[in-house]
Amino acid sequence: MQKLLSTIIHGDCLIEMKKIPDNSVDLIFADPPYYLQLPKGKRLKRSNGTEIIPVDNDWDSFESYDHYDAFTQAWISECQRILKPTGTFWVIGMYHNIFRVGTIMQNLGMWFLNDVIWVKIDALPNLNGRRFTNNHETLIWSVKNKDCKRYTFNYELMKKLNGGKQMKDTDWIFGLCKGNERLKDENGIKAHPTQKPLKLIQQIVLAASNKGDIVFDPFMGSGTTAIVAEALGRKWLGVERDEKYVQLARNRVRDFSKKKV
Ligand SMILES: C[S@@+](CC[C@H](N)C(=O)[O-])C[C@H]1O[C@@H](n2cnc3c(N)ncnc32)[C@H](O)[C@@H]1O
């Protein structure tokens, strides 16, 4: 396990997670494919004429719901296996996938603690006016099974961060990842289509882990979880299948570590 720490493993999480021992990880944050089923190549424009880049990547494509569910069951089972009885599992998704993910988790015996809504305060309006704006994502927070009662939750810290009052809100308001935080490629285009805001992951890591704990992310993308874990003195490791994103995330961690010294 030690040699896997502070690394972004290039590979398929279904294979790579097999190398992680049982009951060895304190916190898992997972941001899996959404299976959005958007038509390939369809482009939408904002009112100012700039193009919206949709998530129509290969990593989000599955043949059918059955294939998506089989994939989901396989990676969540592995997460359940590697999670410590004192650890917790966070998964984020949208209305397209989060209900399927939740059903599979419950069928596997995972026990829910809360669902949390990330309210995207600056979400784009619904462009064709045919439905409400999709302005949030849902996080499910769980333990590996019903008997895991001594999980980490930093209640007092959350209270302190909430001005001394119990943090009751499960609606977390954070803007989309923008400005300097958003990684861009050499053409100024988003380097990763679904980069999550640091503040969202920070809230999770602060609430549900302690310094020195091991944080794992099976879908590392642009490396957001690694950066937050590193900044907060947690150990971390993650997996990413796409070589381009592995490089992006490794460079991000390297640049962050250089800034720290
Ligand atoms: C929703 S994104 C994660 C974004 C990430 N949270 C961030 O802030 O950048 C999902 C990522 O999972 C990766 N992925 C998809 N299937 C995978 C698999 N089987 N194993 C590992 N990574 C996978 C994709 O390449 C994509 O980068």
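> Now, about the site of the ligand: what can you tell me, with residues and values included?
Neighbouring residues of the ligand: 22 residues in total, closest Asp31, His192, Ser222, Thr224 and Glu240. In the model, an oxygen atom of the ligand is placed 2.6 Å from a nitrogen or oxygen of the Ser222 side chain. In isolation the ligand offers 610 Å² of accessible surface; the protein chains occlude 99% of this area. Taken together, the residues that form the shell around the ligand break down as nine nonpolar, seven polar and six charged.

> Lay out the sheet that holds strand 2 (residues 25-30) in plain terms, naming residues and giving numbers.
In spatial order, the strands read 1-10-9-2-5-7-6-8; together these eight strands make up an open sheet with mixed pairing. For this open sheet the edge positions go to strand 1 (7-10) and strand 8 (171-174), each flanked by a neighbour on one side alone. Direction aside, the axes of adjacent strands within the sheet are offset by 20° on average. In this fold helix 3 (residues 98-107) packs onto strand 5 (83-93), strand 6 (111-120) and strand 7 (136-143), with an angle of close to 160° to the strand it touches most, strand 5.

> So what's going on with the side chain of Glu240? Residues and values would help.
Along the chain, the position of Glu240 falls in strand 10 (residues 235-240). Buried charge without a partner: Glu240 forms no salt bridge, and the closest opposite charge is Arg241, 6.2 Å away. Only 3.0 Å separates the side chain of Glu240 from the backbone nitrogen of Asp242, close enough to count as a polar contact. Not counting residues up to four positions away in its chain, the partners in contact with Glu240 are Ile8, Ile9, His10, Gly11, Phe219, Met220, Gly221, Tyr245 and Val246.

> With reference to specific residues and values, describe the packing of helix 2 (residues 65-82) against helix 3.
Where helix 2 contacts helix 3, the axes come no closer than 10 Å and their chain directions differ by 50°. Considered as vectors, helix 2 and helix 3 are oriented oblique to each other. For helix 2 against helix 3, the interelement crossing comes out right-handed. Contact residues: Tyr65, Tyr68, Asp69, Thr72, Gln73 and Ile76 in helix 2; Arg100, Val101, Ile104 and Met105 in helix 3. Considered class by class, the residues forming the contact of helix 2 with helix 3 number six nonpolar, two polar and two charged.

> Explain the environment of Val215 to me, using residue names and the numbers behind them.
Looking at the element boundaries, Val215 is found in strand 9 (residues 214-217). Through-space distance from the C-alpha of Val215 to that of Gly238 is 8.4 Å; in sequence the pair is 23 residues apart. Ignoring anything within four residues of it in the chain, the contact list for Val215 reads Leu27, Thr225, Ala229, Arg234, Lys235, Trp236 and Leu237.

> Give a detailed account of the packing of helix 6 (residues 224-231) against helix 7 (residues 243-260), specifying residues and quantitative values.
Direction vectors running N to C along helix 6 and helix 7 enclose 20°, while the axes themselves pass 9 Å from each other. Viewed along their axes, helix 6 and helix 7 adopt a mutual orientation that is roughly parallel. For the pair helix 6 and helix 7, the crossing hand works out as right-handed. Each of Thr224, Ala226, Ile227, Glu230 and Ala231 in helix 6 lies in contact with helix 7, whose residues at this interface are Arg252, Val253, Phe256, Ser257 and Lys260. Split into classes, the residues belonging to the contact of helix 6 with helix 7 amount to five nonpolar, two polar and three charged.

> Got a sec to walk through the pattern of salt bridges? Specific residues and values, please.
By the definition in use, this model includes 10 salt bridges. Across the pair Asp22 and Arg81 runs a salt bridge, and its minimum N-O distance is 2.7 Å. Taken together, the positions of Asp22 in the loop between helix 1 (13-16) and strand 2 and Arg81 in helix 2 put the pair 59 residues apart, joining distant regions of the chain. Take Arg81: its relative accessible area is 23%, and that puts it in the partly exposed class. Of the charged contacts in the structure, one is a salt bridge between Arg100 and Asp69, with a shortest N-O distance of 2.8 Å. Residue Arg100 is found in helix 3, and its partner Asp69 is found in helix 2; the two are separated by 31 residues along the sequence. On the basis of relative accessibility, which here comes to 26%, the residue Arg100 falls in the partly exposed class. Via salt bridges that share partners, Lys18, Asp22, Glu78 and Arg81 belong to a single interconnected network.

> Could you give an account of the packing of aromatic side chains, with specific residues and numbers?
Under the criterion given, the structure shown has 13 aromatic pairs. Between Tyr35 and Phe62, the ring centres sit 5.7 Å apart and the planes meet at 70°, which makes this aromatic pair edge-to-face. You can see Tyr35 sitting in the loop between strand 2 and strand 3 (44-45) and its partner Phe62 sitting in the loop between strand 4 (51-52) and helix 2, a full 27 residues away along the chain. An aromatic cluster is present here, built from Tyr35, Phe62, Tyr65, Tyr68, Phe71, Trp75, Phe89 and Phe219 joined pairwise through their rings.

Thresholds applied
- Residues numbered from 1 in each chain as written.
- Predicted model: local features only at pLDDT ≥ 70, side-chain atom pairs only at ≥ 80, totals over all residues.
- Heavy atoms only, no water.
- Near = heavy atom within 4 Å.
- Polar contact = N/O pair within 3.5 Å; in protein donor to acceptor, adjacent residues only side chain to side chain.
- Areas by Shrake-Rupley, 256 points an atom, 1.4 Å probe, with all protein chains shown as cover.
- Nonpolar A, V, L, I, M, F, W, Y, C, P; charged D, E, K, R; others polar.
- Pairing = 2+ DSSP bridges.
- Helix = DSSP H or I, 4+ residues; strand = E, 2+ residues; numbered from the N terminus.
- Axes fitted to C-alpha atoms, helices over the stretch in contact; angles between N-to-C directions.
- Contact = heavy atoms within 4.5 Å.
- Buried < 20%, exposed > 50% of the residue type's maximum accessible area, 1.4 Å probe, protein only.
- Lys, Arg positive; Asp, Glu negative; His and termini not counted.
- Salt bridge = Lys/Arg side-chain N within 4 Å of Asp/Glu carboxyl O.
- Parallel < 35°, antiparallel > 145°, perpendicular 65-115°, else oblique.
- Left-handed = near helix turned anticlockwise from the far one by under 90°.
- Phe/Tyr/Trp six-rings, centres within 6.5 Å; stacked < 30°, edge-to-face > 60°.

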